[in-house]
Amino acid sequence: MPPSILPFLTSIPPLNLWFKMFRGKKMRVNESIARRQILETTVRDSSNKCLTGNPIDDCWQCDSNWAKNRQRLADCGIGFGQGAMGGKNGQIYVVTDSSDRDTVNPTPGTLRHAVVQEEPLWIVFAADMVIKLKHELIVNSYKTIDGRGANVQITGGGCITLQYVSNVIIHNVHIYNCVPSGNTNIRSSPTHVGYRGKSDGDGISIFGSRNIWVDHCALSHCTDGLIDAIMGSTAITISNSYFSHHDDVMLLGHDDKYLPDSGMQVTIAFNHFGEGLVQRMPRIRRGYVHVVNNDFTEWQMYAIGGSASPTINSQGNRYTAPDDPNLKEVTKREDTDTGKWNDWNWRSDGDVMVNGAFFVPSGQGISTQYVKAYSVDPKSALLIDQLTKNAGVLGGPRDNSMSMSSKGGITGGGGGGGDHAESTSGDVDMFGMIFSGTGASSTGSSPSPTPTPILLSFLIILTLYIITKQGGQLSIPLFLLL
């Protein structure tokens with residue numbers, strides 16, 4: 001159509017309405033095409049079905065021979081604990097004995113014997129096993145506990161203690177039913193045995209340590225915290241783990257007055273905070289914490305709390321509030337008056353709030369205030385299902401929400417990591433739009449009419465309109481309208 005005729009046509013009332021309808025339809029079609037192009041690009045880039053968008057998992061899981069190169073995992077860390085080397089470049093130590101009979105002279109082949117050695121070790125397991133600890137397991141520096149390929153369960157006294165060590169990776173193990181124990185001698189290295197007082201019963205206790213990475217673990221049912229990081233611990237990442245059935249989930253920071261915790265930096269990413277949780281996901285004293293792309297599905301008091309002016313950067317998470325109308329708030333400032341916490345830097349950026357959940361921010365909200373609490377680029381919270389679908393232990397029940405045998409082992413139940421029903425009604429893109437398949441519709445409905453019949457109808461209306469206005473004479477050549 002010649003451009004000169006367009007203003008005239010749009011001035012005619014019937015055609016003005018039609019042009020608006022056509023333009024709107026064209027825009028919607030273009031948007032759908034754009035979404036389909038994005039989807040097709042994603043599909044092409046994700047021809048390997050193992051890709052999830054989770055940068056940690058995509059780094060190593062797509063290698064079908066990962067078991068022959070286990071230590072590649074050490075290069076896949078993210079966040080503040082990205083520098084944790086674990087036992088990289090060390091020997092492979094195979095645990096063949098699940099017993100824990102002697103905490104002073106551990107039996108070769110046991111987990112306790114492996115973790116106290118001085119040299120870097122990459123620790124794996126010869127078979128499924130339940131390791132019931134007599135007392136806390138004190139792990140030396142440069143160790144990786146790698147439970148991939150076996151169902152490894154750690155329970156009993158302690159459980160895992162990282163005290164004044166660095167470069168430890170704990171990956172793919174169940175940790176549960178950890179109870180206080182101690183008042184005994186425990187070996188912490190080949191050359192040192194020390195008397196230990198009574199432990200708190202944490203799942204993992206991080207004490208004065210740095211470069212720590214906990215990934216793909218399932219933690220529940222412990223006496224104190226599931227994970228506690230205190231006494232100046234820093235450079236920590238807690239990722240891809242499944243937390244359930246516990247009160248005080250995670251404590252970061254020893255005491256409001258303990259100044260060394262002011263430099264603490266912790267990343268909490270791609271975790272699932274699930275059923276039976278009450279509070280502290282985490283509870284933070286001082287320091288800088290990046291809470292990014294986690295799925296919070298239950299709390300009975302609050303999800304994220306703190307005191308002593310910690311900086312909390314919450315990005316791309318999904319918070320699903322309980323039904324109780326009094327428990328909708330995600331945040332809690334512990335034992336502090338409003339006037340004191342107004343300047344604390346707490347922000348919610350790109351989070352999704354479900355079922356009435358709300359996050360109470362504070363501080364200036366300026367991005368420069370969060371530089372020390374920013375450790376990894378957040379992804380859209382709309383992708384949470386995909387990013388966290390494998391949270392927990394891989395290769396079996398991913399959580400600990402199941403019955404325990406008389407020996408303390410997991411006996412059944414639980415869901416497999418990442419088994420989700422997929423829609424077969426069409427292609428789903430990242431915007432949540434569903435496109436029907438190409439070709440004939442599966443429902444038998446006819447395709448949408450093309451604009452051509454509509455255009456011809458309006459041309460007839462146009463002809464009649466012009467004839468009427470021109471006294472029965474058509475003054476515009478019809479070919480100009482085609």
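I will try to describe carefully the structure that is included in this document. All of these numbers come straight from a predicted model, not from anything done at the bench. (Residues numbered from 1 in each chain as written. Predicted model: local features only at pLDDT ≥ 70, side-chain atom pairs only at ≥ 80, totals over all residues. Heavy atoms only, no water.)

## Description of the overall build of the protein chain
Working step 1: Counting its regular elements, the protein chain contains 7 helices and 33 strands.
Working step 2: A total accessible area of about 22200 Å² is found for the protein chain, and carbon and sulfur atoms account for 53% of it. (Helix = DSSP H or I, 4+ residues; strand = E, 2+ residues; numbered from the N terminus. Areas by Shrake-Rupley, 256 points an atom, 1.4 Å probe, with all protein chains shown as cover.)

## Points about the sheet that holds strand S27 (residues 311-315)
Working step 1: Pairing within the open sheet is parallel, and its 10 strands lie in the order S1-S2-S5-S8-S13-S16-S20-S24-S27-S30. For this open sheet the edge positions go to strand S1 (91-95) and strand S30 (346-349), each flanked by a neighbour on one side alone. Between one strand and the next, the sheet's axes are offset by a mean angle of 10°, whatever the strand orientation.
Working step 2: Where strand S8 (residues 166-171) lies against strand S13 (residues 210-215), 5 bridges are found, and the strand directions are parallel. From the neighbouring strand, Ile169 faces S13, where its bridge partner is Trp213. (Pairing = 2+ DSSP bridges. Axes fitted to C-alpha atoms, helices over the stretch in contact; angles between N-to-C directions.)

## Remarks on the sheet that holds strand S4 (residues 137-138)
Working step 1: In spatial order, the strands read S4-S7-S12-S15-S19-S23-S26-S29; together these 8 strands make up an open sheet with parallel pairing. A strand with exactly one partner marks an edge of an open sheet, and here the two such strands are S4 and strand S29 (331-333).
Working step 2: Pairing geometry for strand S7 (residues 160-163) and strand S12 (residues 204-207), over 4 bridges, is parallel. Counterpart to Ile160 in the pairing with S12 is Ile204.

## A word on the state of the cysteines
Working step 1: In the structure shown here, the tally under the stated rule is 2 disulfides.
Working step 2: Note on cysteine connectivity: Cys59 is disulfide-linked to Cys76, with sulfurs 2.1 Å apart. On the sign convention where negative means left-handed, the S-S torsion of about -70° between Cys59 and Cys76 marks this disulfide as left-handed. Of this pair, Cys59 sits in helix H3 (residues 55-60) while Cys76 sits in the loop between H3 and S1, and the two are 17 residues apart along the sequence.
Working step 3: Note on cysteine connectivity: Cys159 is disulfide-linked to Cys178, with sulfurs 2.1 Å apart. Looking along the S-S bond of the Cys159-Cys178 disulfide, the torsion reads about -100°, which is the left-handed sense. Residue Cys159 is found in the loop between strand S6 (152-157) and S7, and its partner Cys178 is found in strand S9 (residues 174-179); the two are separated by 19 residues along the sequence. Pair check on accessibility: Cys159 and Cys178 agree, each one buried.
Working step 4: Free of any disulfide, Cys222 has its nearest neighbouring cysteine sulfur in Cys178, separated by 3.5 Å. (Disulfide = S-S within 2.5 Å. Buried < 20%, exposed > 50% of the residue type's maximum accessible area, 1.4 Å probe, protein only.)

## Thoughts on the pattern of salt bridges
Should their charged atoms come close, side chains of opposite charge can pair.
Working step 1: Evaluation of the coordinates by the stated rule reveals 12 salt bridges.
Working step 2: A salt bridge links Asp248 to Arg280, with the nearest nitrogen and oxygen atoms 3.9 Å apart. Of this pair, Asp248 sits in strand S18 (residues 246-248) while Arg280 is found in the loop between strand S22 (277-279) and strand S23 (283-285), placing the two residues 32 residues apart along the sequence.
Working step 3: A salt bridge links Asp295 to Arg318, with the shortest nitrogen-to-oxygen separation between them at 2.9 Å. (Salt bridge = Lys/Arg side-chain N within 4 Å of Asp/Glu carboxyl O.)

## Remarks on the environment of Ser233
Working step 1: Mapped onto the secondary structure, Ser233 falls in the loop between strand S15 (227-230) and strand S16 (234-239).
Working step 2: On the basis of relative accessible area, Ser233 is assigned to the buried category, the value being 0%.
Working step 3: Taking the C-alpha atoms as reference points, Ser233 and Met264, 31 residues apart in sequence, are found 6.2 Å from one another.
Working step 4: If near-sequence neighbours (up to four positions away) are discounted, Ser233 is found in contact with Ile206, Phe207, Gly208, Ser209, Asp261 and Met264.
Working step 5: A polar side-chain atom of Ser233 sits 2.9 Å from the main-chain amide nitrogen of Gly208.
Working step 6: Of the polar contacts made by the side chain of Ser233, one reaches the backbone oxygen of Ile230; its length is 2.8 Å. (Contact = heavy atoms within 4.5 Å. Polar contact = N/O pair within 3.5 Å; in protein donor to acceptor, adjacent residues only side chain to side chain.)

## A few points about the pairing of S9
Working step 1: Note: S6 against S9, 4 bridges, orientation parallel. Paired with Gly156 across the two strands is Cys178, which belongs to S9.
Working step 2: Bridge analysis of S9 against strand S14 (residues 218-220) gives 3 bridges, and the strand direction is parallel. Across the sheet, His174 pairs through a bridge with Ala218, a residue of S14.

## A few points about the layout of surface pockets
Working step 1: As a volume, the second largest pocket reaches approximately 280 Å³.
Working step 2: What lines the second largest pocket is a set of 17 residues, among which Ser199, Asp200, Asp202, Ser205 and Phe207 lie closest to the centre.
Working step 3: Those elements that provide at least two residues to the lining of the second largest pocket are S7, S12 and S15.
Working step 4: Split into classes, the residues belonging to the lining of the second largest pocket amount to 3 nonpolar, 7 polar and 7 charged. (1 Å grid on protein atoms, 1.4 Å probe; cavity = no way out; pocket = protein on both sides within 12 Å on 5 of 7 lines; lining within 4 Å. Points joined across faces, edges and corners; volume = space filled by probe spheres on them. Nonpolar A, V, L, I, M, F, W, Y, C, P; charged D, E, K, R; others polar.)

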